[in-house]
Amino acid sequence: ASQPGEIIILGLEGEQFLEVPALLFQIDHFLDLKLPEAIVALSFWLLAGVVLRAAPDEPTNRIFAALIALIAAHRMLQTHTLFTDDRFLPKVLEASLLVISAFTGATAFHFAWLYPSPLPKRPMRLIWLVYILAVLISVPLVLGRLTWWGPVENPPTVELMTIGYQAVLYLFLLGLLSVITRIIYSAVRGKESQRERRILLLTAAGVLIALPFWIKTAAEIIPGLEPGYFVYNLDLRFLLI
């Protein structure tokens, strides 16, 4: 851009000048970006606190509170800057978002073995392996975001970061499918108490309502879907509540 509102496009036929009107970023734009995320995050943090306080010694409650808190932090960090640049703070926030994303999938996988009641024979080695996988995925993503390579066309970590980002989405899908599978398994088995069946019904309804949002979140690795939070002007982020 040579001047504010002017963009130079270099093509085969030479330079072309386009005038783009500048948009003043105002409070309504900020609220449109952050208010839905803030409402969802606050709701989830409150839920995590209530569940943890109800039975702080129960492993199911502890893992659920951790999972919900991670989702809340993910939503708050999802839109942390208007532009991606090389400033230190945006890079730290982006790295934190990716680490939280990786551990959200791993924690959801762990939670699936505990809800609605802990399975007597849990594959702890497999659960720890998924957590270790989240750590291994996070390392190249953090290094790629925090390392400054200067004005080079292809930084050495680009391909590794791309693989890591795809792995985060697959890990997220693993956690989501694990929770859904456990709910279906518990409902089919039919050995839960009346209270547990009522909890399962409420959980299944909540997961189904929020499912469009979760699917769109992982749209980049699902064939035929485009990333985004809006479907026919419906903001899918509010479905999380």
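Here we summarise the structure given alongside this text. The structure presented is a predicted model; accordingly, all values stated were derived computationally and were not measured.

If you tally the helices and strands in the protein, you get six helices and four strands. By residue count, 36% of the 241 residues in the protein fall in the buried class. Across the protein, every contact between residues at least 6 apart in sequence was considered, and the portion connecting residues at least 24 apart equals 64%. About 15,400 Å² of surface is accessible on the protein, with carbon and sulfur atoms providing 68% of the total.

This brings us to the pattern of salt bridges. Under the criterion given, the structure shown has three salt bridges. The partner of Glu37 in a salt bridge is Arg237, with the nearest N and O atoms 3.3 Å apart. Separated by 200 residues along the polypeptide, Glu37 in helix α1 (residues 27-54) and Arg237 in the segment after β4 (234-235) bring together distant segments of the chain. Across the pair Asp235 and Arg237 runs a salt bridge, and its minimum N-O distance is 2.8 Å. In terms of burial, Asp235 and Arg237 fall into one category: buried.

What follows is about helix α3 (residues 88-112). For the α-helix, the turn length of 3.6 residues means that residues three or four positions removed from each other point alike. An ideal rise of 1.5 Å per residue puts 36 Å on 25 residues; α3 measures up with 37 Å between its terminal C-alpha atoms. Across the 25 residues that make up α3, a large majority, 18, are buried.

With 33 residues, the main nonpolar core has Phe44, Phe111, Val179, Phe213, Trp214 and Leu240 as its most contacted residues. For this core, the secondary-structure elements that each account for two or more residues are α1, α2 (59-78), α3, α5 (158-189) and α6 (194-217). Of all the elements, α2 adds the most residues to this core, at seven residues. In this view, Phe44 contacts Ile68, Ile71, Ala72 and Leu240; residues no more than four positions away in its chain are not counted.

All right, on to the packing of α1 against α2 then. Two quantities define a packed helix pair, namely the angle between the axes and the distance from one axis to the other. One way to put it is that α1 packs onto α2 with a least axis distance of 8 Å and a crossing angle of 165°. As far as their axial angle goes, α2 and α1 are roughly antiparallel. Here α1 runs over α2; the crossing is left-handed. Between α1 and α2, the residues in contact are Lys34, Glu37, Ala38, Val40, Ala41, Phe44, Trp45, Leu47, Ala48, Val51, Leu52 and Ala54 and Asn61, Arg62, Phe64, Ala65, Ile68, Ala69, Ile71, Ala72, Ala73, Arg75, Met76 and Gln78, respectively.

As enumerated under the stated definition, the model contains six aromatic pairs in all. Here the aromatic rings of Trp128 and Tyr131 are separated by 5.8 Å at their centres, their planes lie at 50°, and the arrangement is tilted. Residue Trp128 and its partner Tyr131 are both found in helix α4 (residues 124-146); the two are separated by three residues, about one turn of the helix. Residue classification places Trp128 among the exposed positions, given a relative accessible area of 54%. On the basis of an interplanar angle of 70° and a centroid distance of 5.4 Å, the ring pair of Phe213 and Trp214 is categorised as edge-to-face. According to the relative accessible area criterion, Phe213 is buried, its value standing at 0%. A residue is classified by how much of its surface remains accessible, and Trp214, at 14% relative accessible area, is buried.

Next up on the list: the side chain of Thr104. Along the chain, the position of Thr104 falls in helix α3. When its relative accessible area of 9% is taken as the criterion, Thr104 is described as buried. Leave out the neighbours within four places in its chain, and Thr104 touches Leu67, Leu70 and Ile71.

Before going further, it helps to spend a moment on the environment of Ile71. With respect to the helices and strands, Ile71 occurs in helix α2. When its relative accessible area of 9% is taken as the criterion, Ile71 is described as buried. Each C-alpha atom of the pair Ile71 and Trp45 lies 8.9 Å from the other, and the pair is 26 residues apart in sequence. Excluding residues that lie within four positions of it along the chain, Ile71 makes contacts with Phe44, Thr104 and Trp214.

With that out of the way, let us pick up the environment of Ile100. Structurally, Ile100 is set in helix α3. Sequence-wise, Ile100 and Leu77 are 23 residues apart; in three dimensions their C-alpha atoms are separated by 9.4 Å. Contacts of Ile100, omitting those with residues within four sequence positions, involve Leu70, Ala73, His74 and Leu77.

With that settled, consider unusual backbone geometry. With an omega dihedral of 5°, the bond running from Tyr115 to Pro116 counts as a cis peptide bond. Tracing the chain through its elements places Pro116 in the loop between α3 and α4.

About the cut-offs
Residues numbered from 1 in each chain as written. Predicted model: local features only at pLDDT ≥ 70, side-chain atom pairs only at ≥ 80, totals over all residues. Heavy atoms only, no water. Helix = DSSP H or I, 4+ residues; strand = E, 2+ residues; numbered from the N terminus. Buried < 20%, exposed > 50% of the residue type's maximum accessible area, 1.4 Å probe, protein only. Contact = heavy atoms within 4.5 Å. Areas by Shrake-Rupley, 256 points an atom, 1.4 Å probe, with all protein chains shown as cover. Salt bridge = Lys/Arg side-chain N within 4 Å of Asp/Glu carboxyl O. Expected span 1.5 Å × (residues − 1). Core = buried A, V, L, I, M, F, W, Y, C linked by side-chain atoms within 4.5 Å. Axes fitted to C-alpha atoms, helices over the stretch in contact; angles between N-to-C directions. Parallel < 35°, antiparallel > 145°, perpendicular 65-115°, else oblique. Left-handed = near helix turned anticlockwise from the far one by under 90°. Phe/Tyr/Trp six-rings, centres within 6.5 Å; stacked < 30°, edge-to-face > 60°.

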